[in-house]
Amino acid sequence: MSVLLFHVMRYKEEDPENPNNDRFILCKQLAFFDMAIGWYGQGLGTACGMAYTGKYFDKASYRVFCLLRDRESWEGSVWEALAFASHYSLDNLIAIFDVNRLGRSGVLPIENCIDIYQKRCEAFGWNTYVVDGRDVETLCAVFWQATQVKDKPTAVIAKTFKGRGMPSIEDAESWHGRPMPTERADAIIKLIESQIETNRHLEPKPPVEDSPQVNITDIQMTSPPAYQVGEKVATRKACGLALAKLGHANERVIVLDGDTKNSTFSEMFKKEHAERFIECFIAEQNMVNVALGCAIRGRTIAFVSTFAAFLSRAFNQIQMGAIFESNINIVGSHCGISVGEDGASQMALEDLAMFRAIPNCTIFYPSDAISTEHAVFLAANTKGICYIRTNRPETDVIYTPQDNFGIGQAKVICHSVNDKVTVIGAGVTLHEVLAAAADLSKEDISVRVIDLFTIKPLDAATIISNAKCTGGRIITVEDHHPEGGIGEAVCAAVSMEPDILVHRLAVQGVPRSGKSSELLDMFGISTKHIIEAVKSILTN
């Protein structure tokens, strides 16, 4: 730490967020560090995002340093990051493995650890040094040598001892996370102070000021949506087109994908902005970490794109991003049983519950191409974590290019003074609701239809006011498990309102492969089941 902060790194001490500063990642939450990674294993991926931004987007001189504990580096996400950094030749990245053999609850032979880490890093294509982590001169030399290496990231495997120089504590077990008694701490501090051989004030070197100025605020749509009512477009495709369009609105928009670009349609962004597309391959945890790193200090507007079902692997990374108030946008496609023949492993039926649990997260669930384009542009201008849920099937465009959308603003699509039930849908189920409303009208049964657009924040006022106009009767329909989805969100919104009844239609049990329309019917969220639910709630 001393060698890095007072000899190697270049930064302005009085301006810790200066874009020209070298970056440092550590699991501790201090003002100078860009991200406290907390749960171990996430730091190196975040550092990769910073280094990628520095090398390929900023094209600047700043470098990125990441300090990892030896036990932390057993996390699989660390090895995903090692592969990523090597693949993209991140020679502005240095990872330091602090190998001290002591973990939280056990030990490993330190010599074995050193050998393992060295071989693994070299196998991943990293320039690797093994050093005594307390040898100041050697560390200075190694960090200088790393600056001369091109097209390879550098790993420094540092052999250390916990509590070095502290009597009865050095290299001893059972001190992890334990506070030291005050009198013992005072004695150790005096011992360390007695060993200091200079009173010279150490000043960090100033950074090279070559980072470009960046403006990622107030992004405007370059033109209105170009879809016509009745046109059939999958929201996943509309999202890909919207991202490509957004890329023309601001040169700092980037897209990361996990080897799904031909299905998520993020390939449309790659086609038009190849230099701002990052292929992260099938490594979702690292992909989210890289996005978090790219977005730090407001250097990019990052969109992560993959199948929604795969995002559960990266839940902890998303959670940590929210805790650190990061700004990234996540697109999850192929949601629900409407995925069809791809089968249960590809069907996200718990993603809404997952993202609803993330603090300060905005959840968009657009129902057609036009609302999808608005969701993308709104997300780009919204702070915090944003999630956009898109679907595989083609659905009708129901809005016009002149329609406006806002966060927390639902759309009342069908309404009349004779409405008996308020039916709420989103995504593919909204189209089932609209079909049910049309069929019911032929039987002189009028229902009110609401498109939520955002699941979080939920437009509780619109839901409640319309429910009161329809006898307090609400039906929710969702291509999601009942736990944590739209139905539960609506129930929570009306929980303090008297005389409102909510009937929920959702996917029960484990899904299976089949045609989309057949599965919607099989699992009780098709037009037929909505009609039956309306008649049932009116009868009872």
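Residues numbered from 1 in each chain as written. Predicted model: local features only at pLDDT ≥ 70, side-chain atom pairs only at ≥ 80, totals over all residues. Heavy atoms only, no water.

Some words on the packing of aromatic side chains
If you walk through the whole model with that rule in mind, you get 13 aromatic pairs. Between the aromatic rings of Tyr52 and Tyr56, the centroid separation amounts to 4.6 Å while the plane-to-plane angle is 45°, which identifies the pairing as tilted. Of this pair, Tyr52 and Tyr56 both sit in helix H2 (residues 43-57), four residues apart, which is roughly one turn of that helix. Measuring from centroid to centroid gives 5.9 Å for Phe97 and Tyr117, while their planes differ by 20°, and the two rings are stacked. Highlighted residues: Phe97 in strand S3 (residues 93-99) and Tyr117 in helix H4 (residues 110-123), separated in sequence by 20 residues. Here Tyr117 falls in the buried class, since its relative accessible area comes to 1%. (Phe/Tyr/Trp six-rings, centres within 6.5 Å; stacked < 30°, edge-to-face > 60°. Helix = DSSP H or I, 4+ residues; strand = E, 2+ residues; numbered from the N terminus. Buried < 20%, exposed > 50% of the residue type's maximum accessible area, 1.4 Å probe, protein only.)

Brief notes about the pattern of salt bridges
A complete count under the given rule lists 17 salt bridges for this structure. For Glu279, the salt bridge is made with Lys261, and the minimal N-O distance between the two is 2.9 Å. Here the residue Glu279 occupies a position in strand S8 (residues 277-279), and Lys261 occupies one in helix H8 (residues 261-264), the gap between them amounting to 18 residues. For Arg389, the salt bridge is made with Asp351, and the minimal N-O distance between the two is 2.7 Å. Of this pair, Arg389 sits in strand S12 (residues 386-389) while Asp351 sits in helix H12 (residues 351-356), placing them 38 residues apart in sequence. A residue is classified by how much of its surface remains accessible, and Arg389, at 0% relative accessible area, is buried. One network of salt bridges, with partners in common, ties together Asp58, Arg252 and Arg299. (Salt bridge = Lys/Arg side-chain N within 4 Å of Asp/Glu carboxyl O.)

A few points about the sheet that holds strand S11 (residues 362-364)
Reading across the sheet, the seven strands line up as S8-S7-S9-S10-S12-S11-S17 and stay open at both edges, with mixed pairing between neighbours. Only two strands of the sheet have a single neighbouring strand rather than two, namely S8 and strand S17 (454-456). On average, each strand axis in the sheet is inclined to that of its neighbour by 20°, with strand direction left out of account. Across three bridges, the pairing between S11 and S12 is parallel. When the bridges of S12 are listed, Thr362 appears paired with Cys386. Contacts from helix H10 (residues 284-295) reach strand S7 (253-257), S8, strand S9 (301-307) and strand S10 (328-333) within the one sheet, and its direction differs from that of S9 by about 170°. (Pairing = 2+ DSSP bridges. Axes fitted to C-alpha atoms, helices over the stretch in contact; angles between N-to-C directions. Contact = heavy atoms within 4.5 Å.)

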